[in-house]
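One-letter residues, chain by chain:
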Amino acid sequence: MCTVGMLLFVVLGGVHPTAGGTTAALDQMRALIETEPKRLSDAVLRGGNAGSAAAKLKLSRALRGDLDNIVVKALKKSLAERYANAALLADDLRRYLDD
């Protein structure tokens, strides 16, 4: 499920959850294992996708809250804390979209 969480992070935020000072694949893999990723809304503000500061702020605000929490849960290190399966993640995403 973590892979689905990473994909969701990249698609929504335009940046990899382990993006930082390095683009070396080994460093990114190590960061994925050893560190907790930034919240999606914060990662968008700190860089991520190209665009103006106003566009980043608008996207960050749209991602903050429930969607941030869904992505965080999908990226949890502990299997017990992540979604048990893709259907449960999809259910949360549907509830978010249905508001």
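Because the structure is predicted, anything quoted here is derived from the model rather than measured.

**Quick word on the overall build of the chain**
Part 1 of the argument: Broken down by element type, the chain carries six helices and zero strands.
Part 2 of the argument: Residue burial in the chain is summarised as follows: out of 99 residues, 27% are buried.
Part 3 of the argument: For the chain, the proportion of contacts with a sequence separation of at least 24, taken over those separated by at least 6, is 57%.
Part 4 of the argument: Counting only carbon and sulfur atoms, one obtains 58% of the accessible surface of the chain, whose full area is about 6,200 Å².

**What to know about unusual backbone geometry**
Part 1 of the argument: Look at D99: it is not a glycine, yet its phi comes out positive at around 45°.
Part 2 of the argument: Here D99 lies in the segment after α6 (86–98).

**Here we look at the packing of aromatic side chains**
Part 1 of the argument: Tallying each qualifying case throughout the model produces zero aromatic pairs.
Part 2 of the argument: The ring of Y83 has K73 sitting right over it, with the charged end atom 4.7 Å from the ring centre.

**Notes on the confidence of the model for the chain**
Part 1 of the argument: Looking at the chain as a whole, its pLDDT mean stands at 85, while 90% of the residues score no less than 70.
Part 2 of the argument: For the chain, per-element mean pLDDT is lowest for helix α2 (residues 25–34), which scores 76, and highest for α6, which scores 95.

**Remarks on helix α5 (residues 66–74)**
Part 1 of the argument: Here α5 has its buried residues at L67, D68, I70, V71 and A74. Around the axis of α5, the buried residues are gathered within 165° of arc, so they sit on the same side.

**Some remarks on the pattern of salt bridges**
Part 1 of the argument: Counted under the stated rule, the structure contains four salt bridges.
Part 2 of the argument: With its nearest N and O atoms 3.6 Å apart, the salt bridge here joins D68 to R39. Of the two residues, D68 is situated in helix α5 and R39 in the loop between α2 and α3 (40–45); the sequence distance between them amounts to 29 residues.
Part 3 of the argument: Residue class for D68 comes out buried when judged on its relative accessible area of 1%.

**A few points about the nonpolar core**
Part 1 of the argument: Counting 15 residues, the largest nonpolar core has F9, L40, I70, V71 and L89 as the members making the most contacts within it.
Part 2 of the argument: Those elements giving two or more residues to this core turn out to be α1 (2–13), α3 and α5.
Part 3 of the argument: If one sorts the elements of this core by residue count, α5 sits on top with four residues.

Basis of the calculations
- Residues numbered from 1 in each chain as written.
- Predicted model: local features only at pLDDT ≥ 70, side-chain atom pairs only at ≥ 80, totals over all residues.
- Heavy atoms only, no water.
- Helix = DSSP H or I, 4+ residues; strand = E, 2+ residues; numbered from the N terminus.
- Buried < 20%, exposed > 50% of the residue type's maximum accessible area, 1.4 Å probe, protein only.
- Contact = heavy atoms within 4.5 Å.
- Areas by Shrake-Rupley, 256 points an atom, 1.4 Å probe, with all protein chains shown as cover.
- Phe/Tyr/Trp six-rings, centres within 6.5 Å; stacked < 30°, edge-to-face > 60°.
- Lys NZ or Arg CZ within 6 Å of the ring centre and 35° of its normal.
- pLDDT = per-residue confidence, 0-100.
- Arc of directions from axis to C-beta.
- Salt bridge = Lys/Arg side-chain N within 4 Å of Asp/Glu carboxyl O.
- Core = buried A, V, L, I, M, F, W, Y, C linked by side-chain atoms within 4.5 Å.

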